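Summary of the model geometry
Single-letter residue listing:
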Protein chains: 2
Amino acid sequence: MEADGRDALVVGVDFGTLSGRALVVRVSDGAELGSAVHTYSHGVVDEVLPATGARLPPDWALQVPGDYVDVLKNAVPAAIEAAGVDPADVIGIGTDFTACTMVPVGSDGTPLSELVAFVSRPHAYVKLWKHHAAQGQADRINALAAKRGEFWLARYGGLISSEWEFAKGLQVLEEDPEVYAAIDHWVEGADWIVWQLTGRYTRNACTAGYKGIRQDGKYPSREFLAELNPDFADFVTDKVEWPIIDLGDRAGSLTAQAAEWTGLPEGIAVSAGNVDAHVTNPAGQAIQPGQMVAIMGTSTCHTMNSEQLHEVPGMCGVVDGGITKGLWGYEAGQSGVGDIFGWFVHNSVPESYAAEARSRGISVHELLTEKAATQQVAEHGLLALDWHSGNRSVLVDHELSGMIIGQTLATKPEDIYRALIEATAFGARTIVEAFNGAGVPVREFVVAGGLIKNALLMQIYADVLNMPLTVVSSEQAPALGSAIHAAVAAGAYPDVAAAAAAMGKAERDVYAPIPDHAAAYDQLFAEYTTLHDYFGRGANDVMHRLRGLRRAALDRSTATPIDR
Amino acid sequence: MEADGRDALVVGVDFGTLSGRALVVRVSDGAELGSAVHTYSHGVVDEVLPATGARLPPDWALQVPGDYVDVLKNAVPAAIEAAGVDPADVIGIGTDFTACTMVPVGSDGTPLSELVAFVSRPHAYVKLWKHHAAQGQADRINALAAKRGEFWLARYGGLISSEWEFAKGLQVLEEDPEVYAAIDHWVEGADWIVWQLTGRYTRNACTAGYKGIRQDGKYPSREFLAELNPDFADFVTDKVEWPIIDLGDRAGSLTAQAAEWTGLPEGIAVSAGNVDAHVTNPAGQAIQPGQMVAIMGTSTCHTMNSEQLHEVPGMCGVVDGGITKGLWGYEAGQSGVGDIFGWFVHNSVPESYAAEARSRGISVHELLTEKAATQQVAEHGLLALDWHSGNRSVLVDHELSGMIIGQTLATKPEDIYRALIEATAFGARTIVEAFNGAGVPVREFVVAGGLIKNALLMQIYADVLNMPLTVVSSEQAPALGSAIHAAVAAGAYPDVAAAAAAMGKAERDVYAPIPDHAAAYDQLFAEYTTLHDYFGRGANDVMHRLRGLRRAALDRSTATPIDR
């Protein structure tokens, strides 16, 4: 593990929703030597298309692929510089990406949005994971799969998400057939960025399984696709199918161009594309069966290995080798977590709080946390549903929305903030209980991501789950996980397990549940579950109807001369 | 109607929740010549007792009776001065008050809170209408009345409110028997202020009926009271019972002391005590059967005359002569309306909005209204329940709380503001439909109060109710109504109807429903009704349980050394 007598290094690059982060890691022990972040200049495109200024419909979320390449050009060299190391010592680079984030490309990998012919066409752009406008297509996929008894449906908790490859692909076909016709490959962002690094297209087992409905080596059948829409019959063969490589495999070697972008040596190993959540398991040394990793940021992904294949209702998916080769990898998720807290702080916290935070030199999040921390459990009298961004697990329904109950004229901002935190913790417990009830017990709850810095939030999760929390002690866990895969791809370790043991980082029992709190939260969780089922399982579909009325109102609105 | 060749005048004084307003009115035509407001220096006492700094339990709301006298001393002379008239021309004074607001007094009318022996005892203070801590007592009154089949229960929509005389009185007995024993009269604020003006205690038919459970000339029986609590058996005979006078009657003459306070002539007529809502019907010329007046401020009261006695589920009450002598007066109410908007603006509107409003020289309410006004009906995708201060009609349950559903990460403050306005409109429609369904049809909807200044809110009410709105065009309708009663008490008119015809003010059809809006709101109202019944009628009593958990948490909290 040395290069010319010096320590061998790897670089992990984590492509998030708003920015990409590069991390330089020592292969021998996982020491994090330096990192840098590059923010996407276009961010999330969900209001107007930059090229034209045209307003996007509700629930759309696009990105501009050049922003990803800018991370390679900027964050990687900056991380090397921050680490104060010689780039010549880098033996491999690994990446992870948001998913399911889809890039429509031509045969050479050029995104259609970069072609003059398509620059003004929204469907030519990257569909970010949180593009939720293909719900109608997802509904049809689910209904048809249920009707036909497709075996793969249960592998996804009984529901295919509107976020995934097939729903998004079908939306393109049905809303812009010209763009659809121009697509040579319908590529995961995870694989597209590896393509940029290696010059060749590889399709990784993780996203192909979780997002691409690849099960037991096959995709949904031509008959199934034709019944969805005759013009969709060849979607798999024309746009999706491609040789699969496993996680930790070497996808290829760094091209001269990518070496120029990054400042790294040409020809070094590039590991297979991977997902921000899934790379975190090895970063947290949590690849044993029953170790559930929750990567808590704007949303939360839950990933866990098991030796057994079971059908967990409402999970996102179970994929052979989806997290590490040789085990069944389970994924679940909460589509809004930190996003909800951010929305609240941005839209619902009064001037006096902003001023107090400013005068004390702390963030509004910190101020609200401090005020909420003095409360007894249930003191605020509130209960919320954490569906402001829909519900991924266990309901798999992006048409759901938020709810809060119990407000009085004495309700304060910190009360609502705490109730929102608790709602996400109840959402996490709902997922844990679904796994426990399906024969895939959660034995350890391992947390990573930006939210682990909030000690109150962590304690609330420990209390609500009534489980101690293990903390992935790297602040850049996904990037570390990508670096671990890079080390394996470079041949420095025989497999991901060995690399994780040497390079991963976890602290056990950092937060222990407080029995009184856990007992009080049991009562609130029972109330949460009642409302979860009432609003989420069909007893009262008011959330769906409100969405429908909203769409109809917006249609009326855009039909009038008033430009809103 | 002349005094020494000049126009005869009357003064109406409206005692609200936070302040009292005096208005000088010309007897001949109701012209409003001048007014003045005096804010209660103690406001609403709901956190700590001023005399001791002791923290009050949740749901308490007290007042300091000296604040009311200060209105006589300050607002009345200031109104005379503002009017630029000679006080010698004033021939009568009338008052209206919040209700049910109860003053515990000794035999001479001195409030117990003004006695050294009781100054530190919370139960010695005025219990303001929105004191909601006697819910347990109200629950027992209701259960026992239902069990015993008391005929009067149906006259109050099937439920006696925790706000009223008996629940509040029983709370005093059970929580502070020494204070209870010291009470010679359990007096409505409406009658207490008349007592201060005339030097003699009179009990008006309106509050005695609506709040004091006086029906067909009788109160609840000694047997009923004894079964509630043996020590409560003589509550009526010892504390409540007193000769009744009708609305518009002359209660007495202005004493020398009150003349000194007010600057008005000693010996002028003082009209019977009355309620802020009920005096508004004559002010708005809305005393005919089927004319429902909604006085919209922090809360809304609905008052309407009918020739017939019917049992309207969830009404506050029906009282013979409760609004005008000779008709059945119906009352219903929404316990939180403007209060909810104020709470929202104070607690949930971000700094950027406050800054924008400031820079434009408008209020935050105006800014939010302006932003909300550009929306189509249902565009915000939200639905709220307007129970932040409980629900008076038609559920009569102060343990209910607010709810909002449909939030997404795109939800803006103006969306929530509009949804809260709409929720109160749906609450009003629920009341109107209860009356329509019970054989007491609402033929005209007449609005008064501070909220009528908000044109968006008014239009939403017209659209939700699908009825045109008549506006009581006095900005000080209750004070004008009190002045009308003063004129009758002074003998200037034969009865309230004649005085109202000459002095009242109403504009018909100021807001007309827009058919498209009304149709869209029909859909939202159906959703509101489903949630109203789910959370309000026992299908899911989560709001009650959250209140219980909150109380238990606060008990734990105060049991710890942390002083919150």
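Computed from a prediction, not measured in an experiment: that's the story for all the values here.

So, about the overall build of chain A. Along the backbone of chain A there are 19 helices and 23 strands. What you see for chain A is a C-alpha radius of gyration of 23 Å, in line with the 24 Å of a compact globule of 564 residues. For chain A, the residues scored as buried account for 64% of the 564 residues in total. Contacts in chain A between residues far apart in sequence, at least 24 positions, make up 72% of those at least 6 positions apart. By element, 49% of the accessible surface of chain A is carried by carbon and sulfur atoms, the whole surface being about 18,400 Å². Of note, chain A has its 40 positive side-chain charges centred 4 Å away from the centre of its 70 negative side-chain charges.

Facing 56 residues of chain A, the contacting portion of chain B comprises 57 residues. Along the contact surface separating chain A from chain B lie 4 salt bridges. Here B:Arg358 ties to A:Glu351 by a salt bridge, and the two come within 2.6 Å at their closest N and O atoms. Joining chain A to chain B, the criterion identifies 24 residue pairs in polar contact (both at pLDDT 80 or more). At 11 residues, the largest contribution of residues to the side of chain A that touches chain B is made by helix α19 (residues 542-559) of chain A. Where strand β20 (residues 402-407) of chain A and strand β20 (residues 402-407) of chain B come together, 5 bridges link them in antiparallel fashion. Following the sheet pairing, A:Ile404 is matched in β20(B) by B:Ile404.

Turning our eyes to something else, we now look at the relation of the copies chain A and chain B. With an RMSD of 0.0 Å, the fit of chain A onto chain B corresponds to turning through 180° and sliding 0.0 Å along the axis. Here the copies are linked by what is in effect a two-fold axis. By residue overlap, the copies meet face to face through one surface: 100% of the interface positions of chain A are interface positions in chain B.

Bringing the environment of B:Leu554 into the picture now. Tracing the backbone through its elements, the reader meets B:Leu554 in helix α19 (residues 542-559). For the pair formed by B:Leu554 and B:His38, sequence separation is 516 residues and the distance between their alpha carbons is 35 Å. For B:Leu554, the residues in contact, after removing those within four places along its chain, are A:Glu379 and B:Pro58.

Turning our attention to the packing of aromatic side chains. On inspection of all chains with the given rule, the structure shows 44 aromatic pairs over all chains. A ring pair is formed by B:Tyr40 and B:Tyr68, whose centres lie 5.5 Å apart and whose planes are at 80°; its orientation type is edge-to-face. With B:Tyr40 in the loop between β5 (32-39) and β6 (62-63) and B:Tyr68 in helix α1 (residues 66-83), the pair connects residues that are 28 residues apart, well separated along the chain. Look at B:Tyr40 and you get buried, because its relative accessible area is 3%. On the basis of relative accessibility, which here comes to 0%, the residue B:Tyr68 falls in the buried class. Ring-pair connections join several aromatic residues into one group, and the members of that group are A:Phe15, A:Tyr40, A:Tyr68, A:Phe97 and A:Trp192.

Before going further, it helps to examine empty space enclosed by the protein. In total, this model carries 3 cavities of 30 Å³ or more according to the counting rule given. Each pocket or cavity is described by its volume, and for the largest cavity that value is around 200 Å³. Taken together, 17 residues form the lining of the largest cavity, with A:Ile404, A:Ile416, B:Ile404, B:Gln407 and B:Ile416 sitting closest to its centre. Of all the elements, β20(A) adds the most residues to the lining of the largest cavity, at 3 residues.

Moving on, we come to the sheet that holds strand β3 (residues 9-15) of chain A. All names here are of chain A. Spatially, 6 strands are ordered β5-β4-β3-β7-β14-β13 in an open sheet, and the strand pairing comes out mixed. With one partner strand each, in any of the chains shown, β5 (32-39) and β13 (250-253) form the two edges of the open sheet. Across this sheet, the average inter-strand angle for adjacent strands is 20°, counted without regard to direction. Where strand β7 (residues 90-97) meets strand β14 (residues 269-271), 2 bridges bridge the pair, whose relative direction is parallel. For Ile93, the partnering residue across the bridge sits in β14 and is Val270. Sheet contacts for helix α1 (residues 66-83): β3, β4 (19-26), β5 and β7; angle to β5, the most-contacted strand, approximately 150°.

This next bit is on the packing of helix α12 (residues 351-360) of chain A against helix α13 (residues 364-373) of chain A. Residue and element names in this part refer to chain A. Across the interface, α12 lies against α13 with an axial gap of 9 Å and an inter-helix angle of 105°. With respect to each other, α12 and α13 are oriented roughly perpendicular. Residues Tyr353, Ala354, Glu356, Ala357 and Arg360 of α12 form the contact with α13, whose own contacting residues are Val364, Leu367, Leu368, Glu370 and Lys371. Here the residues of the contact of α12 with α13 are counted per class, giving 6 nonpolar, no polar and 4 charged.

With that settled, consider the packing of α13(A) against helix α14 (residues 413-437) of chain A. Residues and elements named next belong to chain A. Direction vectors running N to C along α13 and α14 enclose 90°, while the axes themselves pass 9 Å from each other. By the angle between their directions, the pair α13 and α14 is classed as roughly perpendicular. Between α13, through His365, Leu368, Thr369, Lys371, Ala372 and Ala373, and α14, the contact on the second element is made entirely by Pro413, Glu414, Tyr417 and Arg418.

Here the focus is the pattern of salt bridges. Within this structure, the stated rule accounts for 60 salt bridges over all chains. Between B:Asp339 and B:Lys130 there is a salt bridge, and its shortest N-O distance comes to 3.7 Å. One end of the pair, B:Asp339, is in helix α11 (residues 338-347); the other, B:Lys130, is in the loop between β9 (126-127) and α2 (135-148), and 209 residues separate them in sequence. Here B:Asp339 falls in the buried class, since its relative accessible area comes to 14%. The partner of B:Glu422 in a salt bridge is B:Arg418, with the nearest N and O atoms 3.0 Å apart. Of the two residues, B:Glu422 and B:Arg418 both sit in helix α14 (residues 413-437), 4 residues apart, roughly one turn of that helix. A residue is classified by how much of its surface remains accessible, and B:Glu422, at 1% relative accessible area, is buried. Among the charged side chains, a network of salt bridges with common partners joins A:Asp59, A:Glu399, A:Arg547 and A:Arg551.

Residue and element names in this part refer to chain A. Here the residue pair Ser393 and Val394 is connected by a cis peptide bond, since its omega of 5° sits within 30 degrees of zero. The residue Val394 is located in the loop between β19 (383-385) and β20 in this model. Despite not being glycine, Ala378 has its phi angle at roughly 80°, a positive value. Mapping Ala378 onto the fold places it in the loop between α13 and β19.

Here A:Ser271 lies in strand β14. With near-sequence residues (within four places) excluded, A:Ser271 lies in contact with A:Ile93, A:Gly94, A:Thr95, A:Val194, A:Asp249, A:Ala251, A:Ser482, A:His485, A:Ala486 and A:Ala489.

Attention now moves to the sheet that holds strand β15 (residues 291-296) of chain B. All names here are of chain B. The 7 strands are arranged β17-β18-β16-β15-β21-β22-β23 in an open sheet whose pairing can be described as mixed. Strands with a single pairing partner mark the edges of an open sheet, and in this sheet they are β17 (317-320) and β23 (506-511). For this sheet, the mean angle separating the axes of adjacent strands, direction not counted, is 25°. Bridging between strand β21 (residues 444-448) and strand β22 (residues 469-472) involves 3 bridges; their strand directions are parallel. If you follow Val446 over to β22, its bridge partner there is Thr470. Where α14 meets the sheet, its contacts fall on β15, β16 (300-306), β18 (328-334) and β21, and the angle it forms with β18 comes to roughly 150°.

All names here are of chain A. Per-residue pLDDT for chain A has a mean of 95; in total, 98% of the residues score no lower than 70. Contacts from residues 560-564, a stretch scored under 50 in pLDDT, to residues over four places away or in other chains number 7 contacts. Overall fold confidence for the complex sits at a pTM of 0.87, while the interface term, ipTM, reaches 0.86.

A few words now on the environment of B:Glu399. Residue and element names in this part refer to chain B. Here Glu399 is to be found in the loop between β19 (383-385) and β20. Residues within four places of Glu399 in sequence aside, it is in contact with Gln135, Met543, His544, Arg547 and Arg551. Here Arg551 takes part through its side chain, which lies 2.7 Å from a polar atom of the side chain of Glu399.

Residues three or four positions apart in an α-helix share a direction because the helix packs 3.6 residues into each turn. Residue and element names in this part refer to chain A. Over its 14 residues, helix α2 (residues 135-148) extends 20 Å from the first C-alpha to the last, a length consistent with the 20 Å expected when each residue adds 1.5 Å. Here α2 has its buried residues at Gln135, Gln137, Ala138, Ile141, Asn142, Leu144 and Ala145. As for α2, its buried residues are in contact with α3 (165-175) and α7 (222-228). Positive backbone phi, approximately 65°, marks Gly149, located one or two places after α2.

Here is what the cut-offs are and how they apply
Residues numbered from 1 in each chain as written. Chains lettered and ligands numbered in written order. Predicted model: local features only at pLDDT ≥ 70, side-chain atom pairs only at ≥ 80, totals over all residues. Heavy atoms only, no water. Helix = DSSP H or I, 4+ residues; strand = E, 2+ residues; numbered from the N terminus. Rg over C-alpha atoms; globule rule 2.2 N^0.38 Å. Buried < 20%, exposed > 50% of the residue type's maximum accessible area, 1.4 Å probe, protein only. Contact = heavy atoms within 4.5 Å. Areas by Shrake-Rupley, 256 points an atom, 1.4 Å probe, with all protein chains shown as cover. Lys, Arg positive; Asp, Glu negative; His and termini not counted. Charge placed at Lys NZ, Arg CZ, Asp CG, Glu CD. Salt bridge = Lys/Arg side-chain N within 4 Å of Asp/Glu carboxyl O. Polar contact = N/O pair within 3.5 Å; in protein donor to acceptor, adjacent residues only side chain to side chain. Pairing = 2+ DSSP bridges. Least-squares fit on C-alpha atoms with pLDDT ≥ 70 in both. Phe/Tyr/Trp six-rings, centres within 6.5 Å; stacked < 30°, edge-to-face > 60°. 1 Å grid on protein atoms, 1.4 Å probe; cavity = no way out; pocket = protein on both sides within 12 Å on 5 of 7 lines; lining within 4 Å. Points joined across faces, edges and corners; volume = space filled by probe spheres on them. Axes fitted to C-alpha atoms, helices over the stretch in contact; angles between N-to-C directions. Parallel < 35°, antiparallel > 145°, perpendicular 65-115°, else oblique. Nonpolar A, V, L, I, M, F, W, Y, C, P; charged D, E, K, R; others polar. pLDDT = per-residue confidence, 0-100. Expected span 1.5 Å × (residues − 1).

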